[in-house]
Amino acid sequence: MPRTSAATARSSAPGLAPDAGGRRLPRTLHPVAWWIWALALATAVSRTNNPLLLFLVLAVLGYVITVRRTEAPWARGFKYYLYLALTVVAIRVVFRAVFATGITPHDHFIFSLPHLPTPDWYAGIKIGGPVSLEALLSAATDGLRLACMLCCIGAANTLANPKRALRVLPGALYELGVAVTVSISVAPQLVQSVQRVHRARRLRAGRSQGLRALRGIIVPVLEDALERSLRLAAAMDSRGYGRAGTATRRSRRATGALMLLGMCGLCAGAYGLLDATAPALLGFPALVLGGLLCVAGLRLGGRRITRTTYRPDPWRAAEWAVAGCGVLSAVLLFSNAGFNAAELNPSIYPLSWPTLPLVPAAAILLAGTAGFLAPPPSAPVRPSVPAQRTEEST
Amino acid sequence: MTARQGARGLARTTTALGLTVAAFAATTAPAAAAPQPMGQCTTSSGAVLAVDFSHWGGPIYRSCGTTPTTGYELLNQGGWRTTGTGHDGPAFICRIGYSGHQGGKQYPTPQQDDCVLTPPASAYWSYWHADPGQNTWTYSQLGAMLYKPRPGSVDLWIFGGTNIEGTQGRPTVTPDQLRAKNTRPTGGGPVPRDTRTAAPLPPGVDTGPAPGNPPPADRATPPPPSPSRSVTASPTPSKIVSPTPTPTPTPSATPSATTGSPAVAAPSPKVVDAAPAADAAHDAGSWVPAVITGALGLLIGAAAVFAAKRRRRTE
């Protein structure tokens, strides 16, 4: 704890101004810290339907991303998550308008869609008909909550280096991590490849248009991709990837059985937690048991694999502070301490202005302190540094 | 087990989501439905609405509405109000409140259920009907916005859980304890003369054991939900019959020891007639928090822009 407070004290002044005075060395935060922060904030968001709190979460996310993102390719993707979030809200609203849930005399009528009559045996679903302001607003806030959670995940993807995040996978899943890393780097490489081919065609004054031009691009790009993957495979093979290891048949079977049972336990536990009528034994105990079995399976599978890490990510006070402020905000929102739980879900039927409960708002702002608790990202502009970095971490 | 529960949940959702033409026809012409004092409901006209608040220590309220109506409208007039869920809209009845009970407080309270998602099958308002002349409850196959109560029928909302076999969570009161017994409407005020004409109404019901006003008593015995209750109920008819006039002098919102009392077997809650009342006052709240949030958001945005600019300058 003293380390955390020390970090806070140190960070307060230079946090807003990276590189100012050189008091905080710029470095990338441990990716897991960002993930914990973002997932905790998403958990906090799942608790509330209050549009004011949701907008506050979006503002906080925007702030932290602007202040602490790097210049890496994955760090420029947040606007796509915002588009996705907007799409989610729009789909919710359109669906609520089309498959209307009914209008009551107390509601504010806005417009009416043409009504599609359904037979009696299909009476539960109504298509078209009058649409009320309340229905649209409730759909929009419902969509906004999902949109906020999406943006939280987007923030984690933007702030954390995905390739470094995959390093913390347990040893048993190392091959999986390698596969994901390779597949993550495919898209930028494809884009590069397409651009290269396109430039080459322009230099050769290729004038073909339409489908023929497409063929002219696709074939070289595919060839390029194939060649590149063969090269990568050869490189990985020479470094010892994909070796079977020293596992005996029995230990491999034991690992498989443990993992399978653990997954079954996790599924049953999740079901038990979500369904209130399920027997109590199916809920939390099954979840814990499944988690323990999975951990045991991963430990057993990972025991025979030894990996060394080149330049391990440190976990220092700043990591504790960022992860801690996220978790603390989630805990505050779930604690019901100092505020009325009803304020988290303001009523839309009948329409009323949402209130801004003090403790949850403060909790969300607390999560926003990650913007200056985290160290400033390492200096981006020099072109050689990021290129080197991406290569070494692949 | 799981599949069945899933199916049950689905059925609940679909039934509770009553979104029909009917609902809209009714809402576009709302003049047809109106709250009425309990005396206006008879055996052949009007629909009786009963809501069981005994889960929170309250009584069973019953009130009356004119019939070309839907279950939803019946539940949203004369001081009654419901709240839907954020996920399903107003058609899924999540909370029910009556302005004459606890100042219109709606149950379950936000602390008990936040009404964001569909409530669990173990704690929700289940919807039961009894058509005229029927003394058994049927679980509603339609949602409140879709179902149209027949004249002389009883709609009952009880809170709790139900299982798929229909053996758990059945109402503990019988329809006859709640339904209107008078054949003619009895004015708005206290009109204590209606019961004497109650005898001839239910066709094909033997009025054997009851001397005065038989229908409630003897109908309660033949289709008993549990045999034990019928046994305990059997001594009571004599008791009921004599107090039959008593239900009538209490048509408006006074606790009446109506036919609710004889069911000794169950911890039967009181049945109280709920008079049409004005809607509970609704406070739309203030717009100040929204403005504060907007200002806060702008402040954070300005901080972000400032930081980004400064960062760009230092590089």
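Residues numbered from 1 in each chain as written. Chains lettered and ligands numbered in written order. Predicted model: local features only at pLDDT ≥ 70, side-chain atom pairs only at ≥ 80, totals over all residues. Heavy atoms only, no water.

**Considerations on the nonpolar core**
Formed by 48 residues in total, the largest nonpolar core has its most connected members in Trp34, Trp37, Val57, Leu61 and Val322 of chain A. Every element with two or more residues in this core is listed here: helix H2 (31-47), helix H3 (51-68), helix H4 (78-98), helix H5 (133-159), helix H12 (317-335), helix H13 (358-368) and helix H14 (370-373) of chain A together with helix H8 (288-314) of chain B. By residue number, the principal contributor to this core is H3 of chain A, which donates 12 residues. Aside from chain neighbours lying at most four places away, what touches Val57 of chain A is Leu41, Val45, Cys148, Cys152 and Ile364 of chain A. With 24 residues, the next largest nonpolar core counts Tyr61, Tyr107, Trp125 and Met145 of chain B among its residues. (Core = buried A, V, L, I, M, F, W, Y, C linked by side-chain atoms within 4.5 Å. Buried < 20%, exposed > 50% of the residue type's maximum accessible area, 1.4 Å probe, protein only. Helix = DSSP H or I, 4+ residues; strand = E, 2+ residues; numbered from the N terminus. Contact = heavy atoms within 4.5 Å.)

**Quick notes on the interface of chain B and chain A**
Listed by partner, the interface residues are 51 residues for chain B and 51 residues for chain A. For the pairing of chain B and chain A, the buried interface totals around 4,200 Å² over both sides, and the portion due to carbon and sulfur atoms is 67%. Inspection of the chain B/chain A interface yields zero salt bridges. For the side of chain B that touches chain A, the element with the most residues is H8 of chain B, which contributes 14 residues. Among the residues making up the side of chain B that touches chain A, the classes are represented as 25 nonpolar, 18 polar and eight charged. (Buried area = accessible area lost by both parts, 1.4 Å probe. Salt bridge = Lys/Arg side-chain N within 4 Å of Asp/Glu carboxyl O. Nonpolar A, V, L, I, M, F, W, Y, C, P; charged D, E, K, R; others polar.)

**A look at the state of the cysteines**
Here is the idea: a disulfide is a covalent bond, and it sits between the sulfur atoms of two cysteines. One pass over the full model with this rule turns up two disulfides over all chains. Here Cys41 of chain B pairs with Cys64 of chain B through a disulfide, and the sulfurs are 2.0 Å apart. Disulfide Cys41 of chain B to Cys64 of chain B: torsion about the S-S bond roughly 90°, handedness right-handed. Residue Cys41 of chain B is found in the loop between strand S1 (35-36) and strand S2 (47-52), and its partner Cys64 of chain B is found in strand S3 (residues 60-65); the two are separated by 23 residues along the sequence. For Cys41 of chain B, a relative accessible area of 0% translates into the label buried. A sulfur-sulfur separation of 1.9 Å characterises the disulfide bridge that pairs Cys94 of chain B with Cys115 of chain B. Every disulfide takes its handedness from the sign of the S-S torsion; for Cys94 of chain B and Cys115 of chain B that torsion is -90°, giving left-handed. Residue Cys94 of chain B is located in the loop between strand S4 (80-83) and strand S5 (95-98), and its partner Cys115 of chain B is located in the loop between strand S6 (106-107) and strand S7 (124-130); the two are separated by 21 residues in the primary sequence. Here the two residues Cys94 of chain B and Cys115 of chain B agree in accessibility, since each one is buried. Cysteine Cys294 of chain A shares no disulfide, and the gap to the nearest cysteine sulfur, in Cys267 of chain A, comes to 9.2 Å. Cys294 of chain A gets classed as buried once you look at its relative accessible area, which sits at 9%. (Disulfide = S-S within 2.5 Å.)

**Details of the side chain of Gln106 of chain B**
All names here are of chain B. Take Gln106: it is sitting in strand S6. The buried category is assigned to Gln106, whose relative accessible area is 18%. Reaching out from Gln106, the side chain makes a polar contact with the backbone oxygen of Arg81 at a distance of 3.5 Å. (Polar contact = N/O pair within 3.5 Å; in protein donor to acceptor, adjacent residues only side chain to side chain.)

**Focus: the environment of Leu74 of chain B**
Residue and element names in this part refer to chain B. Secondary-structure assignment places Leu74 in helix H3 (residues 71-74). Given the relative accessible area of 2%, Leu74 is considered buried. Separated by 27 residues in sequence, Leu74 and Ala47 have C-alpha atoms that sit 8.1 Å apart.

**Quick word on a positive patch on the surface**
Taken together, the side chains of Lys309, Arg310, Arg312 and Arg313 of chain B define a basic patch exposed on the protein surface. Judged by relative accessible area, Lys309 of chain B falls into the exposed class, the value being 52%. (Patch = residues over 30% accessible without salt bridge, like charges linked within 9 Å, V, L, I, M, F, W, Y side chains within 5 Å. Areas by Shrake-Rupley, 256 points an atom, 1.4 Å probe, with all protein chains shown as cover. Lys, Arg positive; Asp, Glu negative; His and termini not counted. Charge placed at Lys NZ, Arg CZ, Asp CG, Glu CD.)

**Quick word on the UniProt feature "transmembrane region" (unreviewed entry) in chain B**
The feature "transmembrane region" (unreviewed entry), as given by UniProt, occupies residues 287-308 of chain B in the numbering adopted here. End-to-end, the C-alpha atoms of residues 287-308 of chain B are 32 Å apart, and along that stretch the chain is 95% helix and 0% strand. (UniProt positions renumbered as here; feature names shortened; annotations may be inferred.)

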